[in-house]
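Okay, here's what each chain looks like letter by letter:
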Amino acid sequence: MTRLPRKPYEKELLRLQGELVQMQEWVRTSGARLVVVFEGRDAAGKGGAIKRVSEFLNPRICRIVALPAPSERERTQWYFQRYVEHLPAAGEIVLLDRSWYNRAGVERVMGFCTPDEYARFLRQCPVFEELLVEDGILLRKYWFSVSDAEQERRFRDRMSDPMRQWKLSPMDLESITRWEDYSRAKDEMFAHTDTASSPWHVVEAEDKRRARINMIAHLLASVPWEPVPSRDLKLPARPARRGYQRPPRERFHEVPDHAAALEG
């Protein structure tokens, strides 16, 4: 797969992001509830796609949810319970950077759940998602697919980049040695949870640019949004001054002008 050139990528991305802003306004005014699940291999490009989706959206409307490992209390709850509290209310969008599917992936492969807990998840997950859809939530599930060679290349890039080393955890690195285990877990997960009411949509992610464009375009096409008439905004006239005097700057702790050192 050839890499999408930067110029057409950036042009189309900006156009799609403009439509995302319009879709957000439809979500806000219509009271829709949208949940987008991002899943896939480590380093498959989920985070980059989420960043491009949310870049121009209102964070009060579009929330990114990336939950840490469950606490001891949460481990005793119904498995889906801690995800339920993050579901959207009317007029909201939630982007799940990994989701309840942790149980079918890393927890299954790494032995963080029991066989009974895993089997229960596979039974309950389709029912749980059916309840969400039945209640009117728009649920979209994306699986970012990447080859083992490309994953390893991205891992090596991150290892040599001090700005991105934080993206690599011991669990990520161990996923290289468990590639086939994760593949089998993904296949079994799809067999149980790729349903008619809540299907998986596979995003080929060897090229991150193509993956982002394809995923966003699909999301926009799959949500039944329509343009909302723009608001007629008018800037009010500034009132006449009424004698206010700003206190001397010396009274405040100003940030030093670091940028001045860059001039000349």
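Heads up: the structure comes first, above all this text.
Remember, it's a predicted structure, so these values are computed and weren't measured experimentally.

Visitor: Could you give me a rundown of the sheet that holds strand 1 (residues 33–40), with the residues and numbers involved?
Guide: Sheet strands line up and pair through hydrogen bonds in the backbone, either parallel or antiparallel. A sheet is described by the order of its strands in space; here 5 strands give the open sequence 2-3-1-4-5, paired in parallel fashion. Strands at the two margins of the open sheet, each flanked by one partner only, are strand 2 (62–65) and strand 5 (200–204). Adjacent strand axes in the sheet meet at a mean angle of 20 degrees, parallel and antiparallel pairs treated alike. Relative to strand 3 (residues 92–97), strand 2 runs parallel, the two being bridged by 4 bridges. Paired with Arg63 across the bridge in strand 3 is Val94. Against the sheet, helix 2 (residues 46–54) makes contact with strand 1, strand 2, strand 3 and strand 4 (138–145), and its axis sits at roughly 155 degrees relative to strand 1, the strand it touches most.

Visitor: Kindly report on the packing of helix 1 (residues 6–30) against helix 10 (residues 208–222), identifying the contributing residues and their values.
Guide: Where helix 1 meets helix 10, the closest approach of the two axes is 10 Å, and the angle between their N-to-C directions is 25 degrees. One finds that helix 1 runs roughly parallel with respect to helix 10. The way helix 1 lies across helix 10 gives a crossing that is left-handed. Every residue of helix 10 that contacts helix 1 at Arg6, Tyr9, Glu12, Leu13, Leu16, Glu19, Leu20 and Met23 is listed here: Arg209, Arg212, Ile213, Ile216, Ala217, Leu219 and Leu220. Partitioned by chemical class, the residues of the contact of helix 1 with helix 10 number 10 nonpolar, no polar and 5 charged.

Reading guide: rules and limits
- Residues numbered from 1 in each chain as written.
- Predicted model: local features only at pLDDT ≥ 70, side-chain atom pairs only at ≥ 80, totals over all residues.
- Heavy atoms only, no water.
- Pairing = 2+ DSSP bridges.
- Helix = DSSP H or I, 4+ residues; strand = E, 2+ residues; numbered from the N terminus.
- Axes fitted to C-alpha atoms, helices over the stretch in contact; angles between N-to-C directions.
- Contact = heavy atoms within 4.5 Å.
- Parallel < 35°, antiparallel > 145°, perpendicular 65-115°, else oblique.
- Left-handed = near helix turned anticlockwise from the far one by under 90°.
- Nonpolar A, V, L, I, M, F, W, Y, C, P; charged D, E, K, R; others polar.

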